[in-house]
Amino acid sequence: MHRRIMVVDDSRLVRVQLEDVLKGTEYEVAAYCRSGEDAIAQYATVQPDLVTMDIIMPGMDGLDAAEAILKNHPDARIVMISSLAYDETFARAKTIGAKGFVEKPFHQEQLLKVFAQALS
């Protein structure tokens, strides 16, 4: 059984990288959103097992989008994926309720470990 992932990132490159990294694993990309607003709008329809959320995007940033999704869907499992690996960013992500944080550039082993922790 595949776990459905919603990828939220404005970079097409990250989408391709994630699809490559997830090939042959129990995860599949069920939806791709290029903005926080899009992710909020699609979450209920897609009902993903896990959301990967970039932080820096046009319009609403990923932290605000994650907070909005979790307000409406407290059981949502969101993993932040960003190059903004600062203590304040980690702290805010944790406060919001994100289940993990992966730094860009990411590697398969690291990503799968954080996904497993987020889903347990």
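These numbers come from a predicted model, not from an experiment.

Enquirer: I'd love a proper account of the nonpolar core, names of residues and values included.
Expert: In terms of nonpolar packing, the biggest core is built from 23 residues, with M6, V8, M53, I78 and M80 touching the most fellow members. In terms of residues, this core owes the most to one element, helix 3 (residues 62-72), which gives 5 residues. Apart from residues no more than four positions distant in its own chain, M6 is found in contact with A31, C33, A39, Q42, Y43, V46, P48, L50, V51 and T52. Grouped together as the second largest cluster of nonpolar side chains are 18 residues, V21, L22, Y27 and L119 included.

Enquirer: Describe the side chain of S35, with residues and values.
Expert: Position of S35 among the secondary structure elements: in the loop between strand 2 (27-33) and helix 2 (36-46). A polar contact is formed between the side chain of S35 and the backbone nitrogen of D38, at a distance of 3.0 Å. Ignoring sequence-local partners within four residues, the contact set of S35 consists of V8, M57 and P58.

Enquirer: Any details on the environment of Q110? Residues and values, ideally.
Expert: Mapped onto the elements of the fold, Q110 is located in helix 5 (residues 108-119). By relative accessible area, Q110 is classed as partly exposed at 29%. For Q110 and N72, which are 38 residues apart along the polypeptide, the C-alpha to C-alpha distance reads 29 Å. Beyond its immediate stretch of four places on either side in the chain, Q110 contacts V102, E103 and P105.

Enquirer: Please provide a residue-by-residue account of helix 1 (residues 12-22), values included.
Expert: Along an α-helix, residues three or four positions apart point the same way, because every turn accommodates 3.6 residues. Along helix 1, the positions that sit buried rather than exposed are V14, L18, V21 and L22. An end-on view of helix 1 places all buried positions within 90° of arc, on one side of the element. Structural note: helix 1 exposes R12 and L13 on the side pointing more than 90 degrees away from its buried face. As for helix 1, its buried residues are in contact with strand 1 (3-8), strand 2, strand 3 (50-53), strand 4 (78-82) and helix 5.

Enquirer: Describe in detail the sheet that holds strand 3, supporting the description with residues and values.
Expert: As summarised here, the arrangement of the 5 strands in space is 2-1-3-4-5, forming an open sheet in which the pairing is parallel. In this open sheet, the two edge strands, each paired with only one partner strand, are strand 2 and strand 5 (100-103). Direction aside, the axes of adjacent strands within the sheet are offset by 25° on average. Strand direction decides the pairing type here: strand 3 and strand 4, joined by 3 bridges, are parallel. Bridge pairing in strand 4 places M53 opposite M80. Of the strands in this sheet, strand 1, strand 2, strand 3 and strand 4 touch helix 1, which is tilted by about 165° from strand 2. Contacts from helix 2 reach strand 1, strand 2 and strand 3, with the element oriented near 130° to strand 2.

How each quantity is defined
- Residues numbered from 1 in each chain as written.
- Predicted model: local features only at pLDDT ≥ 70, side-chain atom pairs only at ≥ 80, totals over all residues.
- Heavy atoms only, no water.
- Core = buried A, V, L, I, M, F, W, Y, C linked by side-chain atoms within 4.5 Å.
- Buried < 20%, exposed > 50% of the residue type's maximum accessible area, 1.4 Å probe, protein only.
- Helix = DSSP H or I, 4+ residues; strand = E, 2+ residues; numbered from the N terminus.
- Contact = heavy atoms within 4.5 Å.
- Polar contact = N/O pair within 3.5 Å; in protein donor to acceptor, adjacent residues only side chain to side chain.
- Arc of directions from axis to C-beta.
- Pairing = 2+ DSSP bridges.
- Axes fitted to C-alpha atoms, helices over the stretch in contact; angles between N-to-C directions.

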